[in-house]
Amino acid sequence: MSLLSELVSTFTAGLVMNKFGTKRTLIIFYSISVFGAILMLIHGLAHTDSIAFPAIFLLCRFGTGGVYVIMIAANARIFYVENAATAFGFASFFARLACTACPLVAIISQPTPMYIYAAMAIFALLVSLLLKIHPEAENFKTTKSEEGKSNNLKRKHSNDKQCNEKDRVTQA
């Protein structure tokens, strides 16, 4: 069931991101995670034997899975192409570093791990409110991409000319 929730969140996140944009989609999916965490703290942990517990767990998983997909898909929209791989690498490094604390959090008695999850989701929601995305990057279309490619080729060509001129000067 958990994998099914992630599969649905993958497709839903892509559709919502195309419809509402990156920032709004991050806010929507982090809000789903926060809502699931609050429901889990209020109702789910006290009723682990009811059908509500797995449903609330899947809701949390849906929000978190959607955010992960958005981070991968929106990386090129948020950062310039030259910096996108570096930015994603830094994010992955710090995410893996934070995941080293997961076994320690898992052995803590409930509800403390859920409070930690809720706090992290709320913090990420607040940070996503501060995210600034250039309007042209948000309305990413193929025509813009083709214009960008031609501009990059022009810039590369002019850089090659400058480098060749510098080489001629240093050789003389």
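Before any of the text, the structure's been laid out above.
The paragraphs below set out a description of the structure included in this document. (Residues numbered from 1 in each chain as written. Predicted model: local features only at pLDDT ≥ 70, side-chain atom pairs only at ≥ 80, totals over all residues. Heavy atoms only, no water.)

### Here's the deal with the overall build of the protein
Point 1. The helix and strand inventory of the protein stands at eight helices and zero strands.
Point 2. Reading the protein from its N terminus to its C terminus gives the helix and strand order α-α-α-α-α-α-α-α.
Point 3. Every one of the 172 residues in the protein was classed for burial, and the buried ones make up 23%.
Point 4. Long-range pairs, those at least 24 residues apart, make up 73% of the contacts in the protein between residues at least 6 apart in sequence. (Helix = DSSP H or I, 4+ residues; strand = E, 2+ residues; numbered from the N terminus. Buried < 20%, exposed > 50% of the residue type's maximum accessible area, 1.4 Å probe, protein only. Contact = heavy atoms within 4.5 Å.)

### What about the state of the cysteines?
Point 1. Taken as a whole, this structure holds zero disulfides when the rule is applied.
Point 2. Free cysteine Cys 99: the closest other cysteine sulfur is in Cys 102, separated by 4.3 Å.
Point 3. The exposure class assigned to Cys 99 is partly exposed, which follows from its relative accessible area of 47%.
Point 4. For Cys 102, a relative accessible area of 43% gives the class partly exposed. (Disulfide = S-S within 2.5 Å.)

### Brief notes about the packing of helix H2 (residues 22-44) against helix H6 (residues 112-129)
Point 1. For the pair H2 and H6, the least separation of the axes is 9 Å and the interaxial angle reads 160 degrees. Compared by their axis directions, H2 and H6 come out roughly antiparallel. Here H2 and H6 pass one another in a crossing that is left-handed. In this structure, H2 contributes Lys 23, Leu 26, Ile 27, Tyr 30, Ser 31, Ser 33, Val 34, Ala 37, Met 40 and Leu 41 to the contact, and H6 contributes Met 114, Tyr 115, Tyr 117, Ala 118, Ala 121, Ile 122, Ala 124, Leu 125, Ser 128 and Leu 129. (Axes fitted to C-alpha atoms, helices over the stretch in contact; angles between N-to-C directions. Parallel < 35°, antiparallel > 145°, perpendicular 65-115°, else oblique. Left-handed = near helix turned anticlockwise from the far one by under 90°.)

### Describing H2
Point 1. Over its 23 residues, H2 runs 30 Å from end to end, which matches the ideal 33 Å to within 8%, given 1.5 Å per residue.
Point 2. Along H2, the residues that are buried comprise Thr 22, Thr 25, Leu 26, Phe 29, Tyr 30, Ser 33, Val 34, Gly 36, Ala 37, Met 40 and Gly 44. (Expected span 1.5 Å × (residues − 1).)

### Points about the pattern of salt bridges
Point 1. Taken as a whole, this structure holds one salt bridge when the rule is applied.
Point 2. Note that Arg 61 and Glu 6 form a salt bridge whose closest N and O atoms lie 3.0 Å from each other. Of this pair, Arg 61 sits in helix H3 (residues 52-78) while Glu 6 sits in helix H1 (residues 2-20), and the two are 55 residues apart along the sequence. (Salt bridge = Lys/Arg side-chain N within 4 Å of Asp/Glu carboxyl O.)

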